[in-house]
Amino acid sequence: MGPVTGAKPVTGPKQARSRVTRRHLLEAAVSCLAEQGWAGSTVAVVAERAGVSRGAAQYHFPTREALFTAAVAYVAEERSTALRELFHAGPAARPAVVGALVDLYTGALFRAALQLWVAASNEEQLRPQVVELEARVGRETHRIAVDLLGADESVPGVRETVQGFLDMARGLGLANVLTDDGPRRARVVAQWTRILDTVLG
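Residue positions are counted from 1 within each chain, in the order its sequence is given. Where totals are concerned, whole chains, interfaces and linings use all residues; where local detail is concerned, this predicted model gives features only for residues with pLDDT of at least 70, and gives and counts side-chain atom pairs only at 80 or more. By convention in this description, side-chain values take in all heavy atoms of the structure and omit both hydrogens and water.

### Concerning the side chain of Thr 193
How we decide: Helix numbering and strand numbering both begin at the N terminus, where a helix is a DSSP run of H or I of at least 4 residues and a strand a DSSP run of E of at least 2. Think of it in three bands: residues with accessible area under 20% of the maximum for their type are buried, residues over 50% are exposed, and the middle band is partly exposed, with areas taken using a 1.4 Å probe on protein chains only. Residues adjacent in sequence count toward polar contacts only when both atoms are side-chain atoms; beyond that, a polar contact is any pair of N or O atoms within 3.5 Å, and within protein one must be able to donate a hydrogen and the other to accept it. Contacts between residues were defined by any pair of non-hydrogen atoms, one from each residue, lying within 4.5 Å.
Locating Thr 193 in the fold gives a position in helix H9 (residues 182–200). We classify Thr 193 as buried; its relative accessible area is 6%. Reaching out from Thr 193, the side chain makes a polar contact with the backbone oxygen of Val 189 at a distance of 2.8 Å. Here Thr 193 is in contact with Arg 94, Pro 95 and Val 98, once residues within four sequence places are set aside.

### Thoughts on the packing of aromatic side chains
Defined as follows: When the centres of two rings from Phe, Tyr and Trp lie within 6.5 Å, Trp using its six-membered ring, the rings pair. Their planes under 30 degrees apart give stacked, over 60 give edge-to-face, and anything left gives tilted.
Scanning the entire structure with this criterion turns up four aromatic pairs. For the pair Trp 38 and Phe 68, a centre-to-centre distance of 5.4 Å together with 70° between the ring planes defines the contact as edge-to-face. One end of the pair, Trp 38, is in the loop between helix H1 (15–36) and helix H2 (43–50); the other, Phe 68, is in helix H4 (residues 64–86), with 30 residues separating them in the sequence. The exposure class assigned to Trp 38 is buried, which follows from its relative accessible area of 8%. Both rings, one in Phe 165 and one in Trp 192, keep their centres 6.0 Å apart while their planes meet at 45°; by these two values the pair is tilted.

### What about H9?
The following threshold applies: A helix is expected to span 1.5 Å for every residue after the first. Think of it as the arc spanned by the lines of direction from the helix axis to the C-beta atoms.
The first and last C-alpha atoms of H9 sit 26 Å apart over 19 residues, in line with the 27 Å expected at 1.5 Å per residue. Buried residues of H9: Arg 185, Val 189, Trp 192, Thr 193, Leu 196 and Leu 200, and no others. Along the long axis of H9, the arc covered by the buried residues comes to 115°, so they all point the same way. In this structure, H9 carries Pro 183, Arg 187 and Thr 198 as exposed residues pointing more than 90 degrees from its buried face. Of the surrounding elements, those touching the buried residues of H9 are helix H5 (94–103), helix H7 (127–149) and helix H8 (158–178). At the exit of H9 stands Gly 201, carrying a positive phi of roughly 85°.

### Thoughts on the nonpolar core
Spelled out, the test is: Take the buried Ala, Val, Leu, Ile, Met, Phe, Trp, Tyr and Cys residues and link them wherever side-chain atoms come within 4.5 Å; each set so joined is a nonpolar core.
Ranked by size, the top nonpolar core spans 34 residues in total, and within it Val 46, Phe 68, Val 72 and Leu 116 carry the most contacts. When residues of this core are traced back to their parent elements, those giving at least two are H1, H2, H4, helix H6 (108–122) and H7. Filtering out sequence-adjacent residues up to four positions away, Leu 116 remains in contact with Leu 33, Trp 38, Phe 68, Thr 69, Val 72, Leu 126, Val 130 and Leu 133. If you look at the next biggest cluster of nonpolar residues, it comprises 27 residues, including Val 98, Leu 101, Leu 148 and Trp 192.

### Comments concerning the environment of Leu 33
Inspection of the secondary structure assignment puts Leu 33 in helix H1. In sequence terms Leu 33 and Ala 112 are 79 residues apart; their C-alpha atoms lie 4.8 Å from each other. Excluding anything up to four places from it in sequence, Leu 33 contacts Trp 38, Ser 41, Phe 68, Val 72, Ala 112, Gln 115 and Leu 116.

### Some details on the pattern of salt bridges
Quick reminder of the rule: Each reported salt bridge corresponds to a side-chain nitrogen of Lys or Arg within 4 Å of a carboxyl oxygen of Asp or Glu.
Under the definition given, this model contains eleven salt bridges. Residue Glu 140 is joined to Arg 84 by a salt bridge in which the shortest nitrogen-to-oxygen separation is 3.7 Å. Placement of Glu 140 in helix H7 and of Arg 84 in helix H4 is noted, with a sequence separation of 56 residues between them. Given the relative accessible area of 9%, Glu 140 is considered buried. What makes Arg 84 partly exposed here is its relative accessible area of 31%. The salt bridge involving Arg 127 is made with Glu 124; its shortest N-O contact spans 2.8 Å. The exposure class assigned to Glu 124 is exposed, which follows from its relative accessible area of 57%.

Written out as structure tokens, the structure is:
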């Protein structure tokens, strides 16, 4: 995944403090989006939650769109890194990998991204940034899934199976927005694990 855009470069002795401020803003922005939606998430609300001034927030992110797309990209990158590190010790049992990948779509990051998608469908100035972000995050998630599942995409049907699994996981995430149906999700995950075992070997 490429670098997060939207922030001004920082140099000099205040660089470390500036990085911390920026990280707090990005994390607060995702929390706001997940909890309050696009309409309730403003730069001022995020700045207050992050414990910084509105001026500091606007220094790092001149526009609301830049702040929220950077926030989702940042947290997506953090989650990707954490997921890779979770299985860094070597190959893991496929059920654990499937469960971890499904979990990507059931937390605050997915809720925040969903709010961003809905807002982008109605706001022209936001749409291009979100379309590019979604494509980038989608490619990275697919790469991670292929690596962790040990999928050989040169085999016919394997790429489509992995993508179908990720689409299913996104669907479970959508269902989870309104109600937490853990037992049903567990049955679906178990079935998809069996499907992946059959197709991937």
